[in-house]
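Residue-level structure breakdown
Chain by chain, the residues run as shown.
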Amino acid sequence: MKPLIAGNWKMNGLASSIAEIHALIDEFSGAAPDDRDVVICPPATLVATFAAEFSDEAIQIGGQDCHPAQSGAHTGDISAEMLADAGAAFVIVGHSERRADHGETDATVRAKADAALRAGLTPIICVGETEEQRKAGQALAVVGAQLAGSLPETADPFVVAYEPVWAIGTGLTPTTDDIAEMHDFIRAKTPAGMRILYGGSVKPANAAEILAIDNVDGALVGGASLKAADFHPIVMAAPGER
Ligand code: 13P
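To keep things clear, this report deals only with the structure shown in the data block. (Residues numbered from 1 in each chain as written. Predicted model: local features only at pLDDT ≥ 70, side-chain atom pairs only at ≥ 80, totals over all residues. Heavy atoms only, no water.)

Looking at the sheet that holds strand 6 (residues 159-162)
Spatial strand order, 1-2-3-4-5-6-7-8: eight strands in a closed barrel with parallel pairing. Between one strand axis and the next, the sheet turns by 25° as a mean value, whatever way the strands run. Examined bridge by bridge, strand 5 (residues 122-127) and strand 6 share four bridges and lie parallel to one another. Among the inter-strand pairings, valine 127 is bridged to a residue of strand 6, identified as tyrosine 162. Here helix 7 (residues 139-150) sits on the sheet in contact with strand 5 and strand 6, set at roughly 150° to strand 5. Sheet strands touched by helix 10 (residues 228-237): strand 1 (4-8), strand 2 (37-41) and strand 8 (218-221). Its angle to strand 1, the strand with the most contacts, is close to 155°. (Pairing = 2+ DSSP bridges. Helix = DSSP H or I, 4+ residues; strand = E, 2+ residues; numbered from the N terminus. Axes fitted to C-alpha atoms, helices over the stretch in contact; angles between N-to-C directions. Contact = heavy atoms within 4.5 Å.)

Below you can see the structure in the form of structure tokens.
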């Protein structure tokens with residue numbers, strides 16, 4: 001499978017931030033390598049500009065969320081069709097920050113994943129347990145329930161991102177054994193051929209170790225995707241297609 005390294009910029013980035021993508025392309029000496037997929041998910045305000053600017057450099061653009069409906073009276077929301085129209089190829093759905101801050105349920109997340117597929121986007125569907133759930137020995141059960149409730153029923157490609165909530169933005173990561181156990185579990189519950197990413201405090205210093213784990217097909221990177229100097233070594237730490 002071709003590894004996928006995606007940067008989730010969250011609510012960060014202004015028009016001037018395009019300089020970081022130019023810096024990333026400079027690090028790649030002109031274009032992203034073709035043995036790995038490189039995706040940047042900037043805030044919605046930057047999707048169209050970035051998609052127009054970087055289509056030739058093999059940097060793909062994604063949204064961070066979409067509404068389940070195609071259009072309608074949903075002030076402030078953005079549909080998957082709008083993201084596709086702006087040039088996005090991917091969209092993150094069900095990130096734990098949206099599940100927590102916006103009360104998104106598994107059913108909402110599945111509806112958003114379905115919407116993404118309808119619009120021709122590849123959804124990156126996020127799952128992951130909280131610290132209390134892991135401490136209580138419930139991590140596999142929690143993620144199993146999220147998968148059962150959030151994954152679309154489709155033959156089209158989608159991506160699953162395992163992001164333990166307690167590892168996001170904390171500098172903490174699960175042990176390699178715990179990541180391997182969870183990714184094996186997700187693999188068994190996901191249609192063949194879907195890429196499974198790890199996310200949560202992926203940094204240049206730990207990327208190679210994490211990306212070498214069986215059934216880790218890439219990474220979803222938050223803070224370290226904002227700077228080319230950090231994101232480039234993470235992208236390059238992924239083993240080639242395997
Ligand atoms: P950090 O890499 O900043 O921990 O964020 C991970 C994440 O939430 C990516 O979606």
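Side note on unusual backbone geometry
For serine 29, which is not a glycine, the phi torsion comes out positive at approximately 60°. With respect to the secondary-structure elements, serine 29 resides in the loop between helix 1 (18-27) and strand 2. Residue classification places serine 29 among the exposed residues on the basis of a relative accessible area of 68%. For serine 201, which is not glycine, the phi dihedral falls at a positive 60°. Mapped onto the fold, serine 201 is located in the loop between strand 7 (195-199) and helix 9 (207-211). Judged by relative accessible area, serine 201 falls into the buried class, the value being 9%. (Buried < 20%, exposed > 50% of the residue type's maximum accessible area, 1.4 Å probe, protein only.)

Considering the site of the ligand
Contacts to the ligand come from 13 residues, most closely from Lys10, His95, Gly169, Ser201 and Gly223. The contact in question runs from an oxygen atom of the ligand to an N or O atom on the side chain of histidine 95, over 2.8 Å. Between the ligand and glycine 223 there is a distance of 2.8 Å, counted from an oxygen atom to a backbone nitrogen or oxygen. For the ligand, whose free accessible area comes to 310 Å², the fraction covered by protein is 96%. (Near = heavy atom within 4 Å. Polar contact = N/O pair within 3.5 Å; in protein donor to acceptor, adjacent residues only side chain to side chain. Areas by Shrake-Rupley, 256 points an atom, 1.4 Å probe, with all protein chains shown as cover.)

A look at the environment of aspartate 35
Among the secondary structure elements, aspartate 35 is positioned in the loop between helix 1 and strand 2. Judged by relative accessible area, which is 26%, aspartate 35 ranks as partly exposed. Spatially, the C-alpha atoms of aspartate 35 and alanine 73 are 42 Å apart, while their sequence positions differ by 38 residues. Beyond its immediate stretch of four places on either side in the chain, aspartate 35 contacts Lys2, Pro3, Gly240 and Glu241. Of the polar contacts made by the side chain of aspartate 35, one reaches the side chain of arginine 36; its length is 2.9 Å.

So, the layout of surface pockets
By volume, the largest pocket is sized at about 590 Å³. Along the wall of the largest pocket there are 23 residues; nearest its centre are Ala44, Gln64, Asp65, Arg98 and His102. Sorting the residues of the lining of the largest pocket by element identifies helix 2 (44-54) and helix 4 (96-101) as the ones contributing at least two each. Of all the elements, helix 4 adds the most residues to the lining of the largest pocket, at three residues. (1 Å grid on protein atoms, 1.4 Å probe; cavity = no way out; pocket = protein on both sides within 12 Å on 5 of 7 lines; lining within 4 Å. Points joined across faces, edges and corners; volume = space filled by probe spheres on them.)

Considering a negative patch on the surface
Together, Asp177, Glu181, Asp184 and Asp214 make up a negatively charged patch on the protein surface. Mapped onto the elements, glutamate 181 comes out in helix 8 (residues 176-188). Residue classification places glutamate 181 among the partly exposed positions, given a relative accessible area of 40%. (Patch = residues over 30% accessible without salt bridge, like charges linked within 9 Å, V, L, I, M, F, W, Y side chains within 5 Å. Salt bridge = Lys/Arg side-chain N within 4 Å of Asp/Glu carboxyl O. Lys, Arg positive; Asp, Glu negative; His and termini not counted. Charge placed at Lys NZ, Arg CZ, Asp CG, Glu CD.)

Focus: the packing of helix 7 against helix 8
Taken N-terminus to C-terminus, the directions of helix 7 and helix 8 make an angle of 30°; their axes are 11 Å apart at the nearest point. In this view, helix 7 runs roughly parallel relative to helix 8, as classed from their interaxial angle. Crossing hand, helix 7 versus helix 8: right-handed. Touching Ala139, Leu140, Val143, Gly144 and Leu147 of helix 7 are Glu181, Met182, Phe185 and Ile186, all from helix 8. Classifying every residue of the contact of helix 7 with helix 8 gives seven nonpolar, one polar and one charged. (Parallel < 35°, antiparallel > 145°, perpendicular 65-115°, else oblique. Left-handed = near helix turned anticlockwise from the far one by under 90°. Nonpolar A, V, L, I, M, F, W, Y, C, P; charged D, E, K, R; others polar.)

A short note on empty space enclosed by the protein
Enumeration according to the criterion identifies one cavity of 30 Å³ or more in this entry. Its boundaries defined by the atoms lining it, the largest cavity holds a volume of some 60 Å³. Looking at the largest cavity, the residues that line it are Met1, Pro3, Leu211, Val216, Asp217, Gly218, Ala238, Pro239, Gly240 and Arg242. Tallied by class, residues from the lining of the largest cavity come to six nonpolar, two polar and two charged.

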